[in-house]
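# Overview (structure and organization)
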Amino acid sequence: MSGTVRNDIAIGKKVKVVQKQDQKSGKLTEGVVMKILTNSASHPHGIKVMLEGGIVGRVKEVIE
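Residues numbered from 1 in each chain as written. Predicted model: local features only at pLDDT ≥ 70, side-chain atom pairs only at ≥ 80, totals over all residues. Heavy atoms only, no water.

For Lys-16, the position within the fold is in strand E1 (residues 14–18). When its relative accessible area of 25% is taken as the criterion, Lys-16 is described as partly exposed. Lys-16 sits 13 residues away from Gly-3 along the chain, and the two C-alpha atoms are 8.8 Å apart. Excluding residues within four positions of it along the chain, Lys-16 makes contact with Leu-28, Thr-29, Glu-30, Arg-58, Val-59, Lys-60, Glu-61 and Ile-63. (Helix = DSSP H or I, 4+ residues; strand = E, 2+ residues; numbered from the N terminus. Buried < 20%, exposed > 50% of the residue type's maximum accessible area, 1.4 Å probe, protein only. Contact = heavy atoms within 4.5 Å.)

What follows concerns the pattern of salt bridges. Under the defined criterion, the tally for this structure stands at one salt bridge. Lys-27 is the partner of Asp-22 in a salt bridge, and the nearest nitrogen-oxygen pair spans 4.0 Å. (Salt bridge = Lys/Arg side-chain N within 4 Å of Asp/Glu carboxyl O.)

Locating Ile-9 in the fold gives a position in the segment before E1. Residues Ile-9 and Val-33 lie 24 residues apart in sequence; the distance between their C-alpha atoms is 8.2 Å. With sequence-adjacent residues up to four places away left out, Ile-9 is seen in contact with Gly-3, Val-33, Ile-36, Ile-47, Val-49, Val-59 and Val-62.

Turning to the side chain of Asp-22, a few remarks are in order. Inspection of the secondary structure assignment puts Asp-22 in the loop between E1 and strand E2 (28–36). If near-sequence neighbours (up to four positions away) are discounted, Asp-22 is found in contact with Lys-27 and Thr-29.

It is worth spelling out the nonpolar core at this point. Ile-9, Val-15, Val-17, Val-33, Ile-36, Ile-47, Val-49, Leu-51, Val-59 and Val-62 together form the largest nonpolar core, which totals ten residues. At the level of secondary structure, the elements contributing two or more residues to this core comprise E1, E2, strand E3 (48–51) and strand E4 (56–62). Not counting residues within four places of it along the chain, the set of residues in contact with Ile-36 comprises Arg-6, Ile-9, Ala-10, Ile-47, Lys-48 and Val-49. (Core = buried A, V, L, I, M, F, W, Y, C linked by side-chain atoms within 4.5 Å.)

Below is the structure:
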């Protein structure tokens with residue numbers, strides 16, 4: 001499942017995100033959603049979230 005629709009993402013879900021500094025390389029970071037930062041219903045580059053541990057990035061893949 002892609003991370004472009006806000007309703008697909010919930011607090012506590014495991015996701016893969018791309019951080020700002022990793023956008024060119026496409027390196028993904030896996031973690032658990034602590035907070036959803038994007039207010040709109042969808043975003044073409046992925047919904048911005050904060051993972052447990054404070055990492056902020058855009059969701060590229062929802063794992064569970």
